[in-house]
Amino acid sequence: MADFPQFSIRFPRHLALFAVLAAAMLPSAADARVGGYDGIWNVTFATTRGNCNSGYSVPFTVTGSRVSSAGGGRVSGRVNRSGAVAVQVSVGASRASGGGRLAGMNGAGSWRGIISGDQCSGTWQATRT
């Protein structure tokens with residue numbers, strides 16, 4: 001058997017640090033999914049408890065991890081990489097909060113709040129348009 005010479009490559013410390021920092025700055029597959037929920041979502045609410053109207057819809061906009069209004073009231077919230085969403089909605093004197101999950105082109109969850117003075121709760125369904 002032939003003997004192969006042993007050698008080592010030495011990188012200056014600043015090059016090694018640069019390589020580590022560059023690798024840390026590359027987007028991971030999980031980071032690439034953050035924008036996977038971007039778009040306009042039409043959310044329809046159903047009341048299961050309380051004396052509130054059912055079937056009203058509010059459009060939401062998802063940009064990155066932020067949820068905001070696409071018209072029809074004040075909306076704020078967050079969606080994480082796995083699709084878990086938490087949102088607060090206010091329209092006039094009515095206020096509600098909800099949570100659930102977005103997946104692909106659909107989403108679902110629950111909500112509760114005070115709508116036109118009545119304490120109510122229910123479910124929501126969302127479809128990305």
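See above for the structure.
Numbering of residues starts from 1 in every chain and runs along the sequence as written. Per-residue local features are limited, in this predicted model, to residues with pLDDT of at least 70; the limit for side-chain atom pairs, both in listing and counting, is 80 or more; totals at the level of whole chains, interfaces and linings are taken over all residues. Computation of side-chain values covers all heavy atoms of the structure but excludes hydrogens and water.

Draft legend 1. Highlighting the packing of aromatic side chains. Aromatic pairs are defined between Phe, Tyr and Trp rings, using the six-membered ring for Trp, whenever the two ring centres lie within 6.5 Å; interplanar angles under 30 degrees are classed as stacked, those over 60 as edge-to-face, and all others as tilted. Taken as a whole, this structure holds 2 aromatic pairs when the rule is applied. Ring geometry for Phe45 and Tyr56: centres 5.2 Å apart, planes at 20°, overall stacked. Here Phe45 is found in strand E1 (residues 39-49), whereas its partner Tyr56 is found in the loop between E1 and strand E2 (57-63), with 11 residues between them in sequence. Only protein chains enter the calculation, and the probe is 1.4 Å; a residue is then buried if its accessible area is under 20% of its type maximum, exposed if over 50%, and partly exposed in between. On the basis of relative accessible area, Phe45 is assigned to the buried category, the value being 8%. Here the aromatic rings of Phe45 and Trp111 are separated by 6.2 Å at their centres, their planes lie at 90°, and the arrangement is edge-to-face. Here the residue Phe45 occupies a position in strand E1, and Trp111 occupies one in strand E7 (residues 106-115), the gap between them amounting to 66 residues. Of the two residues, Phe45 and Trp111, neither departs from the other in class, the shared state being buried. The structure contains a cluster of three or more aromatic residues connected by ring pairs, namely Phe45, Tyr56 and Trp111. Helix and strand definitions here come from DSSP, where helices need a minimum of 4 consecutive H or I residues and strands a minimum of 2 consecutive E residues; each element is numbered from the N-terminal end.

Draft legend 2. How the structure looks around the sheet that holds E7. Read around the closed barrel, 8 strands run E1-E2-E3-E4-E5-E6-E7-E8, paired in antiparallel fashion. Taking each pair of neighbouring strands and ignoring which way they run, the sheet shows an average axis angle of 25°. Relative to strand E4 (residues 74-79), strand E3 (residues 66-69) runs antiparallel, the two being bridged by 3 bridges. In the strand pairing of E4, Arg66 is matched with Arg78. Whether two strands pair depends on DSSP finding at least two bridges between them. Every axis corresponds to a line fitted to the C-alpha atoms, with the helix fit spanning only the stretch in contact, and the corresponding angles, defined between N-to-C directions, vary from 0 to 180 degrees.

Draft legend 3. Local environment of the side chain of Thr61. Counting through the fold element by element, Thr61 comes out in strand E2. Classification of Thr61 by relative accessible area gives buried; the value is 18%. In this analysis, two residues are considered to be in contact whenever any of their non-hydrogen atoms come within 4.5 Å of each other. Residues in contact with Thr61, not counting those within four places in the same chain, are Gly39, Ile40, Arg66, Val67, Ser68, Ser69 and Ala70.

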